[in-house]
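Structural overview
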Amino acid sequence: GRRGGKNMVFLVLRVMLLVVSMHRGRTHENPQAVLTEMCKHLEAGGGVSWQLFSVIMETVISKEPPAFSLTILGDCAKELGKSGQLLARKLEKNANAANALMQGTLRAIGAALAKAAPEGWATGLRSLDTVIFTLEFMGKEDFVLAQARFKWEVRHASHQRRVLWELLAAA
């Protein structure tokens, strides 16, 4: 909604000001150019990309990583713009699992950020498409049915092994 958009604008500005102030103006990065590119990438995926990107911004605000830069912010926006497009299509196709898929993706981003230094964030986010496909597949699985099938297979495995050994002995 409109309020969410306003909050996102303030979050983006807060992060941009924080990153610029961390470097005290000693940067070769052009904040306006980075912001323009960042918005271009994120708009491609619409609100979904912005929601994914909010994890990056909240992490920067809470942790204030000293090695963070506008270039890293722009690179993360580029990756999340692409993943946001994919996720938006998946969410449209499968409304029943949309919340679980979105929450799983947000948790995956948080985990990727926690595991790597800021310089490696964009690299870690490049595999997000695979994570989205995996989460989508997991959402389609009937785990109760899979567990019942596994138990049945285990119970019947000893019989199958005996039959297999008999066949091999006869060959």
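Residues numbered from 1 in each chain as written. Predicted model: local features only at pLDDT ≥ 70, side-chain atom pairs only at ≥ 80, totals over all residues. Heavy atoms only, no water.

Another aspect to go through is helix α3 (residues 46–63). The end-to-end C-alpha separation of α3 is 26 Å, in line with the 26 Å expected for 18 residues at 1.5 Å each. With its phi angle positive at about 45°, E64 sits one or two positions after the end of α3. (Helix = DSSP H or I, 4+ residues; strand = E, 2+ residues; numbered from the N terminus. Expected span 1.5 Å × (residues − 1).)

With the rule as written, the count across this model stands at 4 salt bridges. As a salt-bridge pair, R126 and E79 come within 3.3 Å of each other at their nearest N and O atoms. Of this pair, R126 sits in the loop between α6 (121–125) and α7 (128–140) while E79 sits in helix α4 (residues 70–93), and the two are 47 residues apart along the sequence. Close ionic contact of E136 with K90 constitutes a salt bridge, the shortest N to O distance being 3.1 Å. Residue E136 is located in helix α7, and its partner K90 is located in helix α4; the two are separated by 46 residues in the primary sequence. K90 shares its class with E136; the two are buried. Among the charged side chains, a salt-bridge network with shared partners connects E79, K82 and R126. (Salt bridge = Lys/Arg side-chain N within 4 Å of Asp/Glu carboxyl O. Buried < 20%, exposed > 50% of the residue type's maximum accessible area, 1.4 Å probe, protein only.)

On to the packing of aromatic side chains. Enumeration over the complete set of coordinates arrives at 2 aromatic pairs. A centroid spacing of 6.4 Å and a plane angle of 85° characterise the contact between W50 and F53, whose relative ring orientation is edge-to-face. Residue W50 and its partner F53 are located together in helix α3, separated by 3 residues, close to a single helical turn. No difference in accessibility class separates W50 from F53, as the two residues are buried. When the ring of F68 is compared with that of W121, the centres are 5.5 Å apart and the planes differ by 50°; the resulting orientation is tilted. Note that F68 is positioned in the loop between α3 and α4 and W121 in helix α6, a separation of 53 residues in sequence. Since its relative accessible area comes to 0%, F68 is described here as buried. (Phe/Tyr/Trp six-rings, centres within 6.5 Å; stacked < 30°, edge-to-face > 60°.)

It is worth spelling out the environment of A117 at this point. Position of A117 relative to the elements: it lies in the loop between α5 (98–115) and α6. Sequence-wise, A117 and A67 are 50 residues apart; in three dimensions their C-alpha atoms are separated by 8.1 Å.

Looking at the protein, the pLDDT average stands at 81 and 75% of residues meet or exceed 70. Averaged pLDDT values for the elements of the protein fall to 60 in helix α8 (residues 143–170) and rise to 93 in α4. (pLDDT = per-residue confidence, 0-100.)

Another aspect to go through is the environment of N96. Considering the arrangement of structural elements, one finds N96 in the loop between α4 and α5. Sequence separation of N96 and G139 is 43 residues, and the distance between their C-alpha atoms is 9.4 Å.

On the surface, V9, F10 and L13 cluster together into a nonpolar patch covering about 290 Å² of accessible area. For F10, the location among the structural elements is in helix α1 (residues 2–22). (Patch = residues over 30% accessible without salt bridge, like charges linked within 9 Å, V, L, I, M, F, W, Y side chains within 5 Å. Areas by Shrake-Rupley, 256 points an atom, 1.4 Å probe, with all protein chains shown as cover.)

What follows is about the packing of α4 against α5. Angle between the axes and distance between the axes: these two values describe a pair of packed helices. Running from N to C, α4 and α5 point in directions that differ by 160°, and their axes come no closer than 10 Å. One way to sum up the angle between α4 and α5 is to call them roughly antiparallel. You can see that α4 and α5 cross each other, and the crossing is right-handed. Contacts between α4 and α5 involve L80, L87, K90 and L91 on the former and, on the latter, A98, L101, M102, T105 and I109. Residues of the contact of α4 with α5, tallied by class, amount to 7 nonpolar, 1 polar and 1 charged. (Axes fitted to C-alpha atoms, helices over the stretch in contact; angles between N-to-C directions. Parallel < 35°, antiparallel > 145°, perpendicular 65-115°, else oblique. Left-handed = near helix turned anticlockwise from the far one by under 90°. Contact = heavy atoms within 4.5 Å. Nonpolar A, V, L, I, M, F, W, Y, C, P; charged D, E, K, R; others polar.)

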